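An overview of the molecular structure
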Amino acid sequence: MAVSRRRTEGLTDKPFHYCPGCTHGIIHRLVAEALVELGVLGLAVGICPVGCAVFAYDYFNCDMIQAAHGRAPAVATGVKRVLPDRVVFTYQGDGDLAAIGTAEIIHAASRGENITVIFVNNAVFGMTGGQMAPTTLLGQKTTTTPFGRRVADAGFPLRVAEMLAAVEGPAYIARVAVSSPKNILRAKRAVRRAFEIQLQGLGFALVEVLSTCPTNWGLSPPEAMRWLEEKMIPVFPLGEFKVPEEEEQC
Amino acid sequence: MDKVLMEGNAAFGEGAVRAGCRFFFGYPITPQSELPHYLARRMPEVGGVYLQAESEVAAINMVYGAAAAGARVMTASSSPGISLMQEGISYIAGAELPAVIVNIMRGGPGLGNIAPSQSDYFQVVKGGGHGDYRLLVLAPSSVQEIIDLMAVAFELADKYRNPTMVVGDGVLGQMMEPVELGPMPDLVLPAKAWATTGTAGRNTRNIVNSLYIQPEELEKVNLRLQAKYSQMAKEEKRWEEYRLDDAALVLLAFGMVARIAKAAVDKLRAAGIPAGLIRPITLYPFPDIPVTQAAERAKAFLVVEMNAGQMVEDVRLALCGQRPVHFYGRTGGVLTSVAEVTGAAKEIWEVIE
Ligand SMILES: Cc1ncc(C[n+]2csc(CCOP(=O)(O)OP(=O)(O)O)c2C)c(N)n1
Ligand code: SF4
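The model shown is predicted, which means the values in this text are computed figures rather than measured ones.

For the rest of this paragraph, the subject is the overall build of chain A. Helix and strand counts for chain A stand at 11 helices and 9 strands. Here chain A has a C-alpha radius of gyration of 17 Å; the compact-globule value for 250 residues is 18 Å, and the two agree. By principal-axis analysis of the C-alpha atoms, chain A measures approximately 50 × 50 × 40 Å. Burial statistics for chain A: of 250 residues in total, 58% are counted as buried.

Below is the structure:
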């Protein structure tokens, strides 16, 4: 009998601690597979955030650094400047990257720091109990927007991919989702692209991945997938927002 | 050996380069800006990296990353910037990474001013960031000593895998003094098998981390850290003694203030008062050894600082009430003078006599 779901060598044997139906696990797998397929697992240094992915150092089968909340792009900058020939990536949630770490991500992008950023947008702070994130949708109920997010109190959801695409430094910015097999395949291609860009020395690459948090959304895993597709994608459209210049021309 | 004239802030940079540091991350702030100015030119000359970060928060986290990657790395700032770095410094201590932080202290609290001060003694010696950790803290008092102690700072950081802070103030940072640099040292830097450099060529993964979710596990780590701090306390206390042998009135001062106190000791001696000086070179671990030894002969102690009295607590702790400990200090960035210190010492001596 053929084994159809072998774990990639890019991940350790440690079982994920993520909630049932949480797509952090899928995203981990995509990143790990990309590192293996590109043959750079042994060169990889990953930086994990503070957030539900804080234990990612237990899962990615490469050297890992745990960073302070929001500071992974600065930590990655330090690593990459010391080891320019290693493959350096950060894995960050939307509280980590788009709230407390806004300055670090914008300036790493603006410097065109030659790193790869995997940005997991699940529209809430997962780890701390489902509070509002900068990416929380208007009307979305969270533990800190019990009546739904209102512009008057809490402003608008922040579109990170679009914002960073307006910065001159980045080489590659894309938004993907892991809500269906088709979207997962696309996400996989984008993640791989983001690492290839780094290997080619083209500069900063970020993939925003729309992800589920069934626990804090108060939905079952299938409902969460549907919610992501029906509610999140209209606000956070999928696609490539910035690609290396030569490509744009052809 | 030829001497060259060098400014204090530049000496912090040159001392670092000579200690094998090739990575600097920092954010401008007065009165330390000549240090990054110097390194922005010097680092490219030696194949190093100078990077101006977007904030002190980013700078200290770049230091964290570069240290994790195995480099000798530093940052520099002044009081408000050092306050911003505290979370990162705590992470560096928790993850046991070697790094050097220069702090050219200025008047506080708040924005305070840019005048020379020692008002961050508590912050640098007692913690600053969260958690049960310690920094190694060095306090040079001349431009030559800046060069010498920067080498010590990087060695100690590597030896203990611990952040080391080197403190000065705006006067020390901006004064020009002759220094002997000698030839560029030929350094063999220690191997760092723990560094996160990619697993290629290694069988195990390296992880840099300060998270231990199980309390018992974290307690074990903390006990190991405490054992390390005890070893520091045993092996790394440094100080200078001046006319201490027969001193009945012992002054204590560090950094620039120690130079003023030294001159005051001479004045006091000239007036027939048997004064002496202990100059702590390490602020942590605090050199209590000369304090307790001096107490055998001394009738009183006078701690002189450019703050409202911070190191004085460590002196009192060392003496456990055996001898009276007096304090004289100026705050707000006001420089104390030889005349003021001499006056304060004479008043104490008159009461003793
Ligand atoms: C300096 C600091 N502030 C706040 C926290 C608390 N905290 C931990 S995780 C988190 C938010 C995480 O949310 P996100 O980045 O969206 O990741 P997720 O858990 O959803 O994957 C917060 C606020 C912290 N650890 N450190
Ligand atoms: S809280 Fe949300 S983001 Fe965190 S593991 Fe659970 S489902 Fe995933």
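Structure's up, so let's keep going.
Time to look at the overall build of chain B. The secondary structure content of chain B amounts to 13 helices and 15 strands. In terms of overall size, chain B behaves like a compact globule, its C-alpha atoms giving a radius of gyration of 21 Å where 353 residues would be expected to give roughly 20 Å. Its C-alpha atoms put chain B at 70 × 50 × 40 Å along the principal axes. Counting over 353 residues, chain B shows a buried share of 58%. Sequence separation of 24 or more characterises 79% of the internal contacts of chain B that already satisfy a separation of 6 or more.

This part is about the interface of chain B and chain A. Opposite the 33 residues of chain B that make contact, chain A presents 36 residues. With both chains or domains summed, chain B and chain A bury close to 2,500 Å², and 61% of this area falls on carbon and sulfur atoms. For the pair chain B and chain A, the number of links is 2 salt bridges. The partner of Glu54 of chain B in a salt bridge is Arg111 of chain A, with the nearest N and O atoms 2.9 Å apart. Inspection of the chain B/chain A interface yields 16 residue pairs in polar contact (both at pLDDT 80 or more). When contributions to the side of chain B that touches chain A are tallied by element, the ones reaching two or more residues are strand 2 (23-26), strand 3 (49-52), helix 3 (56-68), helix 5 (86-94) and strand 9 (207-208) of chain B.

Right, let's talk about the environment of Ala53 of chain A for a bit. All names here are of chain A. If you trace the backbone, Ala53 turns up in the loop between strand 1 (44-48) and helix 2 (56-59). Remark: the alpha-carbon pair of Ala53 and Ile27, spanning 26 residues in sequence, is separated by 11 Å. The residues touching Ala53, leaving out its near neighbours within four places in the chain, are Tyr18, His24, His28, Cys48 and Tyr91.

The immediate surroundings of ligand 1 are formed by 17 residues, with Cys52, Asp94, Gly95, Asp96 and Gly126 of chain A found nearest. Positioned at a junction of chains, ligand 1 has nearby residues supplied by chains A and B. Taking Gly95 of chain A, its main chain carries an N or O atom lying 2.9 Å from an oxygen atom of ligand 1. The backbone of Asp96 of chain A places a nitrogen or oxygen atom 2.8 Å from an oxygen atom of ligand 1. Among the secondary structure elements, those contributing two or more residues to the shell around ligand 1 are helix 4 (94-100) and strand 5 (124-125) of chain A. Broken down by element, the shell around ligand 1 gets its largest block of residues, 4 residues, from helix 4 of chain A. When its residues are assigned to classes, the shell around ligand 1 shows 6 nonpolar, 8 polar and 3 charged.

On to the pattern of salt bridges. A side chain with one charge may pair with a side chain of the opposite charge, provided their charged atoms come close. Residue and element names in this part refer to chain A. Evaluation of the coordinates by the stated rule reveals 35 salt bridges over all chains. A salt bridge links Asp85 to Arg86; the nearest nitrogen and oxygen atoms lie 2.7 Å apart. Among the residues examined, Arg86 registers a relative accessible area of 19% and is labelled buried. By sharing partners, the salt bridges in this structure join Arg29, Glu33, Glu37, Lys188, Arg192, Arg193 and Glu196 into a single network.

Moving on: the site of ligand 2. Residue and element names in this part refer to chain A. Near ligand 2 you find Tyr18, Cys19, Cys22, His24, Cys52, Asn122, Gly126, Cys213, Pro214, Thr215 and Asn216, and these make up its full shell. Considering each element in turn, the shell around ligand 2 owes the most residues, 3 residues, to helix 9 (residues 214-217). Of the residues belonging to the shell around ligand 2, the class tally is 6 nonpolar, 5 polar and no charged.

Attention now goes to the domain arrangement of chain B. All names here are of chain B. When the domains of chain B are assigned, the result is domain 1 (3-235) and domain 2 (240-352). Domain 1 puts 32 residues into the contact, and the matching count from domain 2 is 25 residues. Both sides together, the interface formed by domain 1 and domain 2 hides about 2,400 Å², and carbon and sulfur atoms give 56% of it. Counting the surface domain 1 buries against domain 2, the share from its top three residues, Gln118, Tyr121 and Ser141, is 30%.

All right, on to the pairing of strand 11 (residues 249-252) of chain B then. Here is the key point about a regular strand: its side chains alternate between the two faces of the sheet. Residues and elements named next belong to chain B. Alternating positions in strand 11 separate into two faces, Leu249 and Leu251 on one and Val250 and Leu252 on the other, with burial throughout. Relative to strand 12 (residues 275-280), strand 11 runs parallel, the two sharing 4 bridges. Looking across to strand 12, one finds that Leu252 is bridged to Ile278.

Further remarks concern the sheet that holds strand 3 (residues 87-93) of chain A. Taken together, the 8 strands give an open sheet; going across it, the order is 9(A)-7(A)-8(A)-4(A)-3(A)-1(A)-2(A)-9(B), and neighbouring strands pair in mixed fashion. Two strands lie at the open edges of the sheet, namely strand 9 (239-242) of chain A together with strand 9 of chain B, each paired on one side alone. Packing of helix 8 (residues 181-199) of chain A onto the sheet brings it into contact with strand 3, strand 4 (116-121), strand 7 (172-177), strand 8 (205-210) and strand 9 of chain A, and relative to strand 7 of chain A it is tilted by some 160°.

Right, let's get into the packing of helix 3 (residues 72-82) of chain A against helix 5 (residues 102-110) of chain A. Residues and elements named next belong to chain A. Contact geometry for helix 3 and helix 5: axes closest at 7 Å, N-to-C directions at 40°. If you check the angle between helix 3 and helix 5, you find them oblique. Of the residues in helix 5, those touching helix 3 at Pro73, Ala74 and Thr77 are Glu104, Ile105 and Ala108. Partitioned by chemical class, the residues of the contact of helix 3 with helix 5 number 4 nonpolar, 1 polar and 1 charged.

We now examine the packing of aromatic side chains. A full pass over the atoms with the stated rule returns 11 aromatic pairs over all chains. Between the aromatic rings of Phe16 of chain A and Tyr59 of chain A, the centroid separation amounts to 4.9 Å while the plane-to-plane angle is 90°, which identifies the pairing as edge-to-face. Note that Phe16 of chain A is positioned in the segment before helix 1 (24-37) and Tyr59 of chain A in helix 2, a separation of 43 residues in sequence. Exposure remark for Tyr59 of chain A: the relative accessible area of 2% places this residue in the buried category. Through a chain of ring-to-ring contacts, three or more aromatic side chains come together here, namely Phe60, Phe89, Tyr91 and Phe195 of chain A. Lying over the aromatic face of Phe16 of chain A, Arg7 of chain A brings its terminal NZ or CZ to 5.0 Å of the ring centre. Here the guanidinium or amino end of Arg161 of chain B rests over the ring plane of Trp194 of chain B, the centre of that ring lying 4.2 Å away.

Let us now look at helix 10 (residues 256-270) of chain B. All names here are of chain B. With 15 residues, helix 10 should reach 21 Å at 1.5 Å per residue; the first-to-last C-alpha distance of 22 Å fits that figure. Those residues of helix 10 that sit buried are Met256, Val257, Ala258, Ile260, Ala261, Ala264, Val265, Leu268 and Arg269. Directly after helix 10, the chain includes Gly272, whose backbone phi takes a positive value near 85°.

The rules we used
- Residues numbered from 1 in each chain as written.
- Chains lettered and ligands numbered in written order.
- Predicted model: local features only at pLDDT ≥ 70, side-chain atom pairs only at ≥ 80, totals over all residues.
- Heavy atoms only, no water.
- Helix = DSSP H or I, 4+ residues; strand = E, 2+ residues; numbered from the N terminus.
- Rg over C-alpha atoms; globule rule 2.2 N^0.38 Å.
- Buried < 20%, exposed > 50% of the residue type's maximum accessible area, 1.4 Å probe, protein only.
- Contact = heavy atoms within 4.5 Å.
- Buried area = accessible area lost by both parts, 1.4 Å probe.
- Salt bridge = Lys/Arg side-chain N within 4 Å of Asp/Glu carboxyl O.
- Polar contact = N/O pair within 3.5 Å; in protein donor to acceptor, adjacent residues only side chain to side chain.
- Near = heavy atom within 4 Å.
- Nonpolar A, V, L, I, M, F, W, Y, C, P; charged D, E, K, R; others polar.
- Domains from an automatic or database assignment.
- Pairing = 2+ DSSP bridges.
- Axes fitted to C-alpha atoms, helices over the stretch in contact; angles between N-to-C directions.
- Parallel < 35°, antiparallel > 145°, perpendicular 65-115°, else oblique.
- Phe/Tyr/Trp six-rings, centres within 6.5 Å; stacked < 30°, edge-to-face > 60°.
- Lys NZ or Arg CZ within 6 Å of the ring centre and 35° of its normal.
- Expected span 1.5 Å × (residues − 1).

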